[in-house]
Amino acid sequence: MEEHSIVESVLDNLPVAVFAKDVAGDFRFVLWNKKQEEVTTLPAAKALGSNDYDLFSQESADYFRSVDKAVIRRGKLMKVPEEIIETKNGREVHLRTVKIPVHDKETGRLLVVGISEDITEQFKSREQLEQLNLHLVATNKELQETQMQLIQAEKLESIGRLAAGVAHEVKNPLALLLLGVDYLSQGIDPDDENVATILDQMRGAVDRADRIVRGLVDFSSQRALSREATELRRVIDEVLILIKHELTLSNTRVTVKIDKDLPLVFLDMSKFEQVLINLIINAVHAMAGSDSRHLEILARADSLEDVAKNEGARSREVFRSGDRVVILEIIDNGCGIAPSDAGRLFDPFFTTKATGLGTGLGLSVARRIVELHGGELTLRNRTRERGAIARLVLPTKLGTGKVRTTTREAKEIDTSSG
Ligand code: ADP
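My aim in this report is to walk through the structure given alongside it, one point at a time. Position numbers for residues count from 1 along each chain, tracking the sequence in the order it is written. Only residues with pLDDT of at least 70 are given local features in this predicted model, and only at 80 or more are side-chain atom pairs given and counted; all residues enter the totals for whole chains, interfaces and linings. Where side-chain values are given, they derive from all heavy atoms of the structure, hydrogens and water being excluded.

This part takes up the pattern of salt bridges. Any Lys or Arg side-chain nitrogen found within 4 Å of a carboxyl oxygen on Asp or Glu counts as a salt bridge. Inspection of every chain in the model, using the stated rule, returns 18 salt bridges. In this structure, Arg203 engages Asp182 in a salt bridge whose closest nitrogen and oxygen atoms are separated by 3.4 Å. Residue Arg203 is located in helix H7 (residues 193-220), and its partner Asp182 is located in helix H6 (residues 120-186); the two are separated by 21 residues in the primary sequence. Exposure is judged per residue with a 1.4 Å probe applied to protein chains only, and the accessible area is read against the type maximum: over 50% gives exposed, under 20% gives buried, and values in between give partly exposed. A residue is classified by how much of its surface remains accessible, and Asp182, at 33% relative accessible area, is partly exposed. Elements are defined by DSSP. Helices are runs of H or I of four residues or more, strands are runs of E of two residues or more, and each kind is numbered from the N terminus.

For a regular strand, the rule is simple: side chains alternate between the two faces of the sheet. Among the 11 residues of strand S9 (residues 293-303), 8 are classified as buried, and the element is accordingly described as predominantly covered. Paired strands are those between which DSSP finds at least two bridges. Judged from the 7 bridges that link them, strand S7 (residues 252-258) and S9 form a sheet pairing that is parallel. Paired with Val254 across the strands is Leu295, a residue of S9. In the sheet, S9 pairs with strand S10 (residues 324-332) via 9 bridges, with the strands oriented antiparallel. Along S10, the bridge assignment pairs Ala301 with Val326.

Okay, the layout of surface pockets next. As a volume, the largest pocket reaches approximately 1,100 Å³. Buriedness for pockets is judged along seven lines, at least five of which must meet protein on both sides within 12 Å for an open set on the 1 Å grid over protein atoms alone, while cavities are sets there where a 1.4 Å probe fits but cannot get out, and lining residues have an atom within 4 Å of a point. Residue lining of the largest pocket: 36 residues in total, with Asn278, Asn282, His285, Lys353 and Gly362 positioned closest to the centre. If you list the elements that add at least two residues to the lining of the largest pocket, you get H7, helix H10 (269-286), S10, helix H12 (362-372) and strand S12 (388-395). In terms of residue count, the dominant contributor to the lining of the largest pocket is H10 (9 residues). The residue inventory of the lining of the largest pocket, partitioned by class, reads 18 nonpolar, 12 polar and 6 charged. Grid points are joined across faces, edges and corners, and a volume is the space filled by probe spheres set on the points. Counted as a void, the second largest pocket has a volume near 640 Å³. As for the second largest pocket, its lining consists of 19 residues, and the residues nearest its centre are His4, Val7, Leu11, Val30 and Leu31. Counting residues per element, the ones that place at least two in the lining of the second largest pocket are helix H1 (2-13), strand S2 (28-32) and strand S5 (110-118). For the lining of the second largest pocket, the element with the most residues is H1, which contributes 6 residues. Under the scheme applied, nonpolar residues are Ala, Val, Leu, Ile, Met, Phe, Trp, Tyr, Cys and Pro; charged residues are Asp, Glu, Lys and Arg; polar residues are all the others, including Gly.

To continue, consider the site of the ligand. Think of it this way: one heavy atom of a residue within 4 Å of a molecule or strand is enough to make that residue near it. In the vicinity of the ligand there are 18 residues, among which Thr351, Thr352, Lys353, Gly360 and Leu363 approach most closely. Throughout this description, a polar contact denotes any pair of N or O atoms lying within 3.5 Å of each other; where both atoms belong to protein, one of them has to be capable of donating a hydrogen while the other can accept it, and for residues adjacent in sequence the pair is counted only when both atoms sit in side chains. Take Thr352: an N or O atom from its side chain is 2.4 Å from an oxygen atom of the ligand. Contact distances for the ligand include 2.9 Å between an oxygen atom and a backbone N or O atom of Thr359. Relative to its unbound accessible surface of 530 Å², the ligand loses 93% to contact with the protein. Here the ligand is seated within the largest pocket. A 1.4 Å probe and the Shrake-Rupley method give the accessible areas. Residues count as covered only by the protein chains that appear here. Placement in a cavity or pocket follows one criterion, namely that more than half of the molecule's atoms lie within 2 Å of its grid points.

Another point: the packing of aromatic side chains. What characterises a pair of aromatic rings is the spacing of the ring centres plus the angle enclosed by the ring planes. In summary, the pairing rule links any two rings of Phe, Tyr or Trp, Trp by its six-membered ring, whose centres are within 6.5 Å, and it sorts them by plane angle into stacked for under 30 degrees, edge-to-face for over 60 and tilted for everything else. Inspection of every chain in the model, using the stated rule, returns 4 aromatic pairs. Where Phe29 meets Trp32, the ring centres are 4.8 Å apart and the plane angle is 80 degrees; that geometry is what we call edge-to-face. Overall, the relative accessible area of 4% leaves Phe29 in the buried class. Accessibility expressed as a relative area gives 5% for Trp32, which makes it buried. Through a chain of ring-to-ring contacts, the aromatic side chains of Phe19, Phe29 and Trp32 assemble into a single cluster. Cation placement over rings: the criterion is NZ of Lys or CZ of Arg within 6 Å of the ring centroid and within 35° of the ring normal. Between the NZ or CZ atom of Arg367 and the centre of the ring of Phe346, over which it lies, the distance is 3.7 Å.

This part is about a negative patch on the surface. A residue counts toward a patch only above 30% relative accessible area and without a salt bridge, and it is joined to like-charged neighbours within 9 Å or, for Val, Leu, Ile, Met, Phe, Trp and Tyr, to nonpolar neighbours within 5 Å. Charge counting follows a simple rule: Lys and Arg are positive, Asp and Glu are negative, and His as well as the terminal groups are ignored. Charge positions are represented by NZ for Lys, CZ for Arg, CG for Asp and CD for Glu. Judged by side-chain charge, Glu86, Glu92, Glu127 and Glu130 come together as a negatively charged surface patch. Position of Glu86 relative to the elements: it lies in strand S3 (residues 78-86). Judged by relative accessible area, Glu86 falls into the exposed class, the value being 54%.

What follows deals with unusual backbone geometry. The phi torsion at Asp26 lies on the positive side, around 55 degrees, for a residue other than glycine. Turning to its location among the elements, Asp26 is positioned in the loop between strand S1 (17-22) and S2. By relative accessible area, Asp26 is classed as partly exposed at 36%. Of note in the backbone geometry, Asn251 takes a positive phi value of approximately 55 degrees without being a glycine. Looking at the element boundaries, Asn251 is found in the loop between helix H9 (244-249) and S7. Given a relative accessible area of 60%, Asn251 falls into the exposed group.

This part takes up empty space enclosed by the protein. According to the stated counting rule, one finds 2 cavities of 30 Å³ or more in the structure shown. What the largest cavity holds in volume is close to 120 Å³. Around the largest cavity, the lining comprises 14 residues; the ones closest to its centre are Phe19, Gln36, Phe56, Phe64 and Glu83. For the lining of the largest cavity, the secondary-structure elements that each account for two or more residues are S1, helix H2 (34-40), S3 and strand S4 (92-103). No other element matches the 3 residues that H2 contributes to the lining of the largest cavity. In the lining of the largest cavity, the residues fall into 7 nonpolar, 3 polar and 4 charged.

Written as structure tokens, this is what we have:
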């Protein structure tokens, strides 16, 4: 009797929960120490004589029973690295349990004895650690991206400086050359076809060099904009008049859809016209091989949440959440963008066009101008139909433009192209 009470005292003072179930007696509890009372918040008086189904949810009881049966079947100790019980007051307790089959010599009964360690705190710290780790990984990624953006921005800055220098040096000799060519062409022998052809080629070459120089000047030009509240429809109409010739010549059908009550946008009219002309001319070039060329220009108002939801989170970097924006899309049914080019479209001097047709500066200049307006410009393939979409997101408030050169563009275009 005395020994029994010693065992009981020891059991009740153990820092681990101990219980025993009588296998033949429908797995009813025959032992339930103090720590077990604590972790389950169930008193021994209630637990003894009950089984798991009386005390826990059906799901938990099913699980405990399946482990108990496995312990009996195998006839040896089993470790349950982590099990969760939900106490009556809704608290989740995480336990690490060892279950052992025990033959009670005195009564001849087969018991399943369980010893559980409460690892709730450890679990919580592990969870917190995992969260922290996730946070750390995300911060690290952000840092890397920012670093890449800085490198890219710096690269662009130095290209800009170089471009300004080259442009300055090359502009005057070019003008002289052109004057020379014009002068010479007046005095040539009209019967000598060769000279006329050569002079034409020279004039063409000088023209092309001049265009590149002007592109470079644009690219490296001052960042000052003169913005005023503008109706987007007005800009689009003017641009369409300016390039009417190209559109007619290429037999391009144009559809313009602009939402009624579109908010005003703050634009530097002439710089923004240049952006639209670049984008539309690119679209016309891309549609050169199409049977029926269709250019769509769509403009609508949106709030930034919806833009981010529908188009990915990139906009969040430039705008503040909730900002009212105007989305302008220039959609073509042309050749689209090859996946291998997607990441380079906005690189200065990247062009897939034949010599003489493109300088590869259009998109980089356009993006720079749009970003100076506090907006963003992306170009990607349409998802279902053939062709590409140039999308501009423009702020409807006058703020300081934030220049962002994104290295993330490549990934975004890659995933959306197809
Ligand atoms: P350029 O027009 O002088 O080549 P850009 O910077 O304007 O220079 O364009 C770079 C490249 O992007 C083009 O050469 C073309 O390959 C691609 N591109 C631009 N717009 C489109 C479009 N609408 N559809 C398909 N590809 C395009």
